[in-house]
Amino acid sequence: MLGQEGMDPVHLLVGGAAAVLVFFVLLGVRYIPNDRVGIIEKRWSARGSVQSGLIALRGEAGFQPWILRGGLHWLMPLQYRVHRMPLVTITQGSIGYVFARDGATLEPTQALASNVRADDFTDVATFLGHGGQRGPQRKILREGTYAVNLAQFVVITYDKVYFLPLNREEDEKIRRMSGVIGERAGFAPVVIKGADDFVGIVTVHDGPSLPQGEIIAPVCGEDPTDKQTYHNNFQDPERFLAAGGLRGRQLQVLVEGTYYINRLFATVETIPKTVVEVGTVGVVVSYTGARGADLSGAEYKHGELVAKNTRGVWNEALLPGKYAFNTYAGKVLPVPTVNFILKWNKGEIGSHRYDENLSEVSLITKDAFEPLLPLSVVVHIDYKKAPLVIQRFGDIKRLVEQTLDPMVSAYFKNVAQTRTLIELIQQRSDIQQRAGSEMKTKFEAYNLELQEVLIGTPTSAPNDRAIETILTQLRARQIAEEQIATFAQQQRAALKERELREAAAKAQQQQSLTESEIAITIQENQGKAEYQRSLQKSAEIRVLAEAEAEKAARIGIGTAIATEEQVRAYGGPKFQVAQQVMNRFAEAIEQAGVDVVPKIVVGGGQGGGAGTGGSSLLEALLAIVLSDRLGDGTRTEATAAPELEQLRSGIRKSLMANLRGEGNGGASGT
């Protein structure tokens, strides 16, 4: 009691004031997590409330332009209210859209707020100070995390809408705006894949409108070197508008790539690329561009041809290939440059379908028949003349149906009226050739080249039997003619068959005939050979005989001469004969081995002398030789033939000449 009574009231007051101060200080402390921001709302201020707008830029009561980041902050207690809001996060490959609650009012020509100067969404004071406008912004947020004052800005992403709710009506409007962006696939970039062969057609929803009469906005801001106007394919709306871009469908298209485009500013529609197939060219009819000078020439009276990128039919066609062509700004009409066939036949339609409405030509012949004539016409179009054809007829199908069909039909109707049905059938080739020649000039008048005309077989109408009757008669006549020709041919065939049989019989005996002929030839050759051999043999015998005769004559003469010389040498013929006899006798004894002297002598004579009965054969022979019976040696000359004498004389001269030669040789050698 004493202690309490002893306390100084001043201390009590100071202590209470300190406690109140501490409580006051603690009451003003604000903690903001690092993944959030603090939106400051000032409840009261000596300057009063904000007179216009939402953000209090001069310290008035209301939402303040600045925000609190992560950490501890002290604010005047009871004067400020802090709304803790998450950081704005834009995921990879996404787009965030910004809606400003406060700022200047949009111009009547604007659909989105300009961000030429006010483009920083993290600094509200700067944004509003640079003339930032309320409403949806042209600038978008790319990937990243942003500390945004969500009382001033509403950020719409694919995953979430970041904003500080103020009332239910506003919340509903923001949800609807998010739905519109989602319908336009605006939270993802525009991706055009190369494999898809698409182009993007851009429609801008902001900026000045197109002039009266224009349907496509011209190309602008496509120069990358001009940093003030190059909008990089509509990804920078402010530069697009600075380049003079207009709202509406654009002539410029997007090709393969990825584009971050504000879908509230521009939408993109993908269409296939224009493909000009091989065998065709594409004639361009442009709906936009400046008016160009006529390039068709003074002789062409069916329209004008203009230069590329001007309004009208271009005088140069697109060659085969793929083109990023804006089909809203014009159209490309394919024109075949290869030969194509038009068939006047209701049952046949070409792949190009130009002739799907054509049917057989109904004719009336000279003999009042009404056949239907199927036709085929081969046509070619010069690719350089394709624009002239399109300018004149609009397209190929219209050319076929409105010009070629009546022209071709009228021509063949005129031809049919000058011929009977049978003539029309039988003279088809001539008619076809003449038609190709005469109609070529008419086709050239339409800048076409007629290649060939092909005529089919005339047919009758569904309920008309007259043509079938005459055709049946014609077939019967033809069959009869063919039978006559067949019989004649069979007759010729029979003759040929007989000739063939004869030839076959001869062919079977041909071997025997050939062998006999060969044998005859061989016999003739052998006879000739034998005859020649006989002639040769006879000549040989004659020569040998003559030679033998001459040889014998020469030997005889030589022997005679030698004998004469021997006779002279021995003293006469008697002595020569004796010598020869003795020589022959000696040779005979030698060869027979007979004893000259008998080993046994038998005496049979009466006298005992040697010359009596005991004389031998040798003694008898010697007695004959030495007897006078051989003559006296006198030789009687016989008369010889002149040829023999001539031969003997020649041999003798030859021997004498040889002897003299030997003698001379011997003498010379002595």
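Structure: above.
Residues numbered from 1 in each chain as written. Predicted model: local features only at pLDDT ≥ 70, side-chain atom pairs only at ≥ 80, totals over all residues. Heavy atoms only, no water.

(A) How the structure looks around the pattern of salt bridges. Scanning all chains against the criterion turns up 20 salt bridges. Two residues, Glu348 and Lys343, come together in a salt bridge whose shortest N-O distance is 3.0 Å. The class for Glu348 is partly exposed, based on a relative accessible area of 36%. For Glu499, the salt bridge goes to Lys496, with nearest N and O atoms at 3.9 Å. With a gap of three residues between them, Glu499 and Lys496 both fall in helix H10 (residues 466-570), about one helical turn apart. What makes Glu499 partly exposed here is its relative accessible area of 44%. Within this structure, Arg138, Asp206, Glu238 and Arg247 form a network of salt bridges that share partners. (Salt bridge = Lys/Arg side-chain N within 4 Å of Asp/Glu carboxyl O. Buried < 20%, exposed > 50% of the residue type's maximum accessible area, 1.4 Å probe, protein only. Helix = DSSP H or I, 4+ residues; strand = E, 2+ residues; numbered from the N terminus.)

(B) Expanded view of the environment of Val199. Along the chain, the position of Val199 falls in strand E13 (residues 198-204). Judged by relative accessible area, which is 0%, Val199 ranks as buried. Spatially, the C-alpha atom of Val199 lies 6.4 Å from that of Val253, the residues being 54 residues apart in sequence. For Val199, the residues in contact, after removing those within four places along its chain, are Ile192, Leu254, Glu269, Thr270, Ile271, Pro272, Lys273, Ala324 and Phe325. (Contact = heavy atoms within 4.5 Å.)

(C) Inspection of the pairing of strand E8 (residues 135-141) at higher detail. Counted residue by residue, E8 has six buried out of seven residues, so it is predominantly covered. Relative to E8, strand E7 (residues 96-100) runs antiparallel, the two sharing four bridges. Each residue of the ladder has a partner; that of Tyr97, found in E8, is Ile140. (Pairing = 2+ DSSP bridges.)

(D) Just the side chain of Arg138, in detail. Tracing the backbone shows Arg138 in strand E8. Taking the relative accessible area as the measure of exposure, Arg138 reaches 7% and is therefore buried.

(E) Local environment of the packing of helix H7 (residues 396-416) against helix H9 (residues 428-444). Running from N to C, H7 and H9 cross one another at 140°; their axes reach a closest spacing of 12 Å. Here H7 is positioned oblique relative to H9, judged by the angle of their axes. Considering how the two elements wind past one another, H7 and H9 form a crossing that is right-handed. Note on element contacts: H9 touches H7 through Ile431, Arg434, Ala435, Glu438, Met439, Lys442 and Phe443, opposite Leu404, Met407, Val408, Tyr411, Phe412 and Val415. (Axes fitted to C-alpha atoms, helices over the stretch in contact; angles between N-to-C directions. Parallel < 35°, antiparallel > 145°, perpendicular 65-115°, else oblique. Left-handed = near helix turned anticlockwise from the far one by under 90°.)

(F) Highlighting the sheet that holds E13. The antiparallel open sheet is built from three strands, whose spatial order is E14-E13-E16. With partners counted over all chains shown, the strands left at the sheet margins are strand E14 (248-254) and strand E16 (266-272), one partner each. Each adjacent strand pair in this sheet contributes to an overall mean axis angle of 30°, direction not counted. The pairing of E13 with E14 spans four bridges and is classified as antiparallel. Its bridge partner being in E14, Ile201 is matched across the sheet by Val253.

(G) Just the sheet that holds strand E10 (residues 153-156), in detail. Pairing in this open sheet of four strands is antiparallel, and the strands run E8-E7-E10-E11 from one edge to the other. If you trace the sheet from one side to the other, it starts and ends with E8 and strand E11 (161-162), each paired once. Sheet strands touched by helix H4 (residues 168-183): E7, E8, E10 and E11. Its angle to E10, the strand with the most contacts, is close to 35°.

(H) H4, seen in detail. The terminal C-alpha atoms of H4 lie 23 Å apart, and with 16 residues this matches the ideal 22 Å at 1.5 Å per residue to within 8%. Regarding H4, the residues found buried are Glu170, Ile174, Met177, Ser178 and Ile181. Buried residues of H4, viewed axially, fall in a sector of 100°; they line one side. With respect to the buried face of H4, the exposed residues turned more than 90 degrees away are Arg168, Glu169 and Glu183. Buried residues in H4 make contact with E7, E8, E10 and E11. Between the side-chain oxygen of the N-cap and the backbone nitrogen of Glu170 there are 2.7 Å, and the N-cap of H4 in question is Asn167. Of the residues flanking the end of H4, it is Ala185, one or two places downstream, whose phi is positive at about 55°. (Expected span 1.5 Å × (residues − 1). Arc of directions from axis to C-beta. Polar contact = N/O pair within 3.5 Å; in protein donor to acceptor, adjacent residues only side chain to side chain.)

(I) Structural detail: the nonpolar core. Counting residues in hydrophobic clusters, the biggest one holds 45 residues, and the most contacted among them are Ile396, Phe412, Met439 and Phe443. The greatest single-element share of this core, amounting to ten residues, is contributed by H7. Leaving out residues up to four positions away in the same chain, Phe412 has contacts with Leu363, Leu373, Leu375, Ile431, Ala435, Met439, Val453 and Ile455. Leu112, Met177, Ile192 and Phe265 belong to the second largest nonpolar core, which has 27 residues in total. (Core = buried A, V, L, I, M, F, W, Y, C linked by side-chain atoms within 4.5 Å.)

(J) Examining the packing of helix H6 (residues 386-393) against H7 more closely. At their nearest, the axes of H6 and H7 sit 9 Å apart, and the two run at 60° to each other. As far as their axial angle goes, H7 and H6 are oblique. For the crossing formed where H6 meets H7, the hand is left-handed. Across the interface between the two elements, Val389, Ile390 and Phe393 of H6 pack against Ile396, Arg398, Leu399 and Thr403 of H7. The class makeup of the residues in the contact of H6 with H7 is five nonpolar, one polar and one charged. (Nonpolar A, V, L, I, M, F, W, Y, C, P; charged D, E, K, R; others polar.)

(K) Region of interest: a nonpolar patch on the surface. There is a patch of nonpolar side chains on the surface, built from Leu21, Val22, Phe24, Val25, Leu26, Val29, Tyr31, Leu72, Trp74 and Met76 and spanning about 950 Å² of accessible area. Secondary-structure elements contributing two or more residues to the nonpolar patch are helix H2 (9-28), strand E1 (29-32) and strand E4 (71-74). Here the nonpolar patch takes five residues from H2, the largest share from any one element. Within the fold, Val29 resides in strand E1. (Patch = residues over 30% accessible without salt bridge, like charges linked within 9 Å, V, L, I, M, F, W, Y side chains within 5 Å. Areas by Shrake-Rupley, 256 points an atom, 1.4 Å probe, with all protein chains shown as cover.)

(L) Geometry of H6. Counting buried positions along H6 gives six out of eight residues, so the element sits mostly inside the fold. All buried positions along H6 are accounted for by Ala386, Pro387, Leu388, Val389, Ile390 and Phe393. Close packing links the buried residues of H6 with strand E18 (280-286), strand E20 (305-306), strand E21 (310-314), strand E23 (330-336) and H7. Once H6 ends, the next one or two residues include Gly394, with phi positive near 90°.

(M) Expanded view of the side chain of Asp206. Mapped onto the elements, Asp206 comes out in the loop between E13 and helix H5 (237-242). For Asp206, a relative accessible area of 0% corresponds to the buried category. From its side chain, Asp206 meets the backbone nitrogen of Ala111 in a polar contact 2.9 Å long. Within the local environment of Asp206, its side chain forms a polar contact with the side chain of Arg138, the two groups lying 2.8 Å apart. Dropping the residues within four chain positions of it, Asp206 is found in contact with Thr109, Gln110, Ala111, Leu112, Arg138, Leu241, Leu246, Arg247 and Phe265.

Read these as layout, nothing more, since geometry by itself doesn't imply function.
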